[in-house]
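Listed below, chain by chain, are the residues.
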Amino acid sequence: MSKYIFVTGGVVSSLGKGITSSSIGCLLETRGLKVTHQKFDPYINVDPGTMNPYQHGEVFVTDDGAETDLDLGHYERFSSACMGKDNNVTTGQIYYSVISRERKGDYLGKTIQVVPHITNEIKDRILKVNKDNKYDVTIVEIGGTVGDIESLPFLEAIRQFRKDVGRENVIYVHVTLLPYIETAGELKTKPTQHSVAQLRNIGIQPDILICRTQHPISKELRAKISMFCNVDEEGVIQCEDASSVYEVPLLFKEEGLDIIVMKLLNLRFGKQDVSAWEKVVERIKFPAKTVNIGIVGKYIELKEAYKSITESFVHAGVANNAKVHLTWIDADDVIKHGAKKALEGVSGVLVPGGFGSRGIEGKIEAIKYVREKKVPFFGICLGMQCAVIEFSRNVCGLDKANSTEFDEKTQHQVISLLESQHGVENKGGTMRLGAWDCKLVKGTHAEAAYGKELISERHRHRFEFNNDYKDRLTKKGLRIAGTTKDSKLVEIVEVTDHPWFVGVQFHPEFKSRPLCPHPLFRDFVKASIEKNGHEKGKKAKHA
Ligand code: GLN
């Protein structure tokens, strides 16, 4: 029988339910169990694909082309679980399918209600992720906080779910906060008690409490929480702030979390191996060197919008035994202060994906500088498109070269709308999305990094390299390093006569893992470290 772990949160948001769920998955996997994840988001949008990054942060893209919550990125990074369309479900999707069925007449004239129709749809979605019985455990995270009006149908559904599949097959984990009150010099348990009381009101008694805290929890405090919240003492798990998210599974292991989960769910204890994770954490905590990489973007005050990119740099740091320090550079500052000043002190520059024209000219200016000064460059999606525009303008003399996304009537449309995008009106879920195979060209940086000729990467874009300009650009030293299998779409460009200048139309950041760093991020960081060494050598010579 498949087992289920439901993860809820209380007291405040941003307690790290995603990292908690991921870490539980990670630990169970180190015990030899097969794990999958699901996230319910109580908002009414069908998916986050159309939401403003200021509201939602990064949109994580899966192989099957779903635009999902960034927590799915954590799930994939902490385990070998492969996420897809069924693994992120929103209130919008639930109502959408219930209402569509009602319109078709499937309910035979019944009154459609939250209970049972909406809750049944939620329960069906939970069962769907493990319909082939491939996994031992499904970990389901409920977005939002207990007490939110919009979470209620999900909580009611997971309450019923335990009754449906048997009590021994379900546990509830509640993530909560123990605030530290400076004047009293104490951690306070009352908010946790209230939050658990609220869950109990709905009919859910948590089995495990994950207590976020800035100070260790004393034995007495554990006993108190256990008594007031009606949770066994061993189920009160301390979760202190960690220096790296990848340390959380190890901290949970010390607390015996995997043992209690397996006991409660009657799962067989496999032999455990956490050595790979220990190595990763060791490298993150004690790197041999530091390298400074500049990210030129427009949401720089909003790091959550680039979550997978920042994580990919952590992984690439592990691969290079280095701490990758990220300097966030506002694209507009490149115009205001000039590229030399704005990029001072960075040994490599990344321009990430994005939409809309704000900041474009600053990104292009930064790319011109790093191309000329031979600073390693990595362009992702929009970053790659900007690199093509820059090369067209400044190397090929195509003065007004641009993307039709920013200037529809420009004379040289070096980046233009994908053919499949003509006539597309709906904004939601209509981009070129998900995994596509890409053929690499021998002798390129890309091929050297991947070490093979056929790769698969995830996409999320509407515009592409315009093949009409291929000859003119390649003649001047732009190299096409990867295309779709049919050779029709350009997926990777490189600048020859440069130590490391790579632009990719896809999003490699979605596939990087701490245990398996992405080859392009790895090699970009390596090239940046080399550049740094080179600069230092030059300075020493002059001194
Ligand atoms: N705006 C560009 C496009 O739609 C790039 C998208 C992206 O960077 N994800 O093609």
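Reading the values: the criteria
- Residues numbered from 1 in each chain as written.
- Predicted model: local features only at pLDDT ≥ 70, side-chain atom pairs only at ≥ 80, totals over all residues.
- Heavy atoms only, no water.
- Axes fitted to C-alpha atoms, helices over the stretch in contact; angles between N-to-C directions.
- Helix = DSSP H or I, 4+ residues; strand = E, 2+ residues; numbered from the N terminus.
- Left-handed = near helix turned anticlockwise from the far one by under 90°.
- Contact = heavy atoms within 4.5 Å.
- Salt bridge = Lys/Arg side-chain N within 4 Å of Asp/Glu carboxyl O.
- Buried < 20%, exposed > 50% of the residue type's maximum accessible area, 1.4 Å probe, protein only.
- Near = heavy atom within 4 Å.
- Polar contact = N/O pair within 3.5 Å; in protein donor to acceptor, adjacent residues only side chain to side chain.
- Areas by Shrake-Rupley, 256 points an atom, 1.4 Å probe, with all protein chains shown as cover.
- Nonpolar A, V, L, I, M, F, W, Y, C, P; charged D, E, K, R; others polar.
- Pairing = 2+ DSSP bridges.

Participant: Is there a simple way to think about the packing of helix α4 (residues 91-104) against helix α5 (residues 114-128) in this case?
Facilitator: The relative placement of two packed helices is expressed as an angle between their axes plus a distance between the axes. Taken N-terminus to C-terminus, the directions of α4 and α5 make an angle of 115°; their axes are 10 Å apart at the nearest point. Where α4 crosses over α5, the two elements pack in a sense that is right-handed. Counting all contacts with α4, which are made through Q93, I94, Y95, S97, V98 and R101, the residues of α5 involved are V114, H117, I118, E121, I122 and R125.

Participant: How do you make sense of the pattern of salt bridges when you look at a structure like this?
Facilitator: Two side chains that carry opposite charge are able to pair once their charged atoms sit near each other. Scanning the model with the defined rule gives 35 salt bridges in all. D71 is the partner of K39 in a salt bridge, and the nearest nitrogen-oxygen pair spans 3.0 Å. One end of the pair, K39, is in strand β2 (residues 35-41); the other, D71, is in helix α3 (residues 71-78), with 32 residues separating them in the sequence. Relative accessible area serves as the criterion here: at 10%, D71 is assigned to the buried category.

Participant: What is the right way to read the site of the ligand from this model?
Facilitator: Surrounding the ligand, one finds G353, G354, F355, C381, L382, Q385, E405, R460, H461, R462, F463 and H507. L382 places a main-chain nitrogen or oxygen 3.1 Å from an oxygen atom of the ligand. Interatomic distance of 2.8 Å between a backbone N/O atom of F463 and an oxygen atom of the ligand. Contact with the protein chains removes 99% of the 300 Å² of surface that the ligand exposes when unbound. The set of elements that each furnish at least two residues to the shell around the ligand consists of α16 (382-394) and β19 (454-461). Broken down by class, the residue content of the shell around the ligand amounts to 4 nonpolar, 5 polar and 3 charged.

Participant: Explain the sheet that holds strand β20 (residues 463-465) to me, please; I cannot follow it from the model alone.
Facilitator: Strand pairing in a sheet is mediated by backbone hydrogen bonds. Such pairs are either parallel or antiparallel. On the basis of which strands lie adjacent, the open sheet formed by 3 strands has the order β16-β17-β20 and mixed pairing. Strands with a single pairing partner mark the edges of an open sheet, and in this sheet they are β16 (402-403) and β20. Taken strand by strand, α16 contacts β16, β17 (413-417) and β20, and its axis lies near 150° from that of β17.

Participant: Which parts of the structure should I look at to understand the pairing of strand β14 (residues 348-351)?
Facilitator: Strand residues, when the strand is regular, have side chains that alternate between the two faces of the sheet. Where burial is concerned, the two faces of β14 agree: the one with G348 and L350 and the one with V349 and V351 are both buried. As defined by bridge partners, strand β12 (residues 289-297) adjoins β14 across 3 bridges and the pair is classed as parallel. Each residue of the ladder has a partner; that of I295, found in β14, is L350. By the bridge criterion, 3 bridges tie β14 to strand β15 (residues 377-380) in an arrangement that is parallel. Bridge pairing in β15 places V351 opposite G379.

Purely geometric stuff here, so don't read any function into it on its own.
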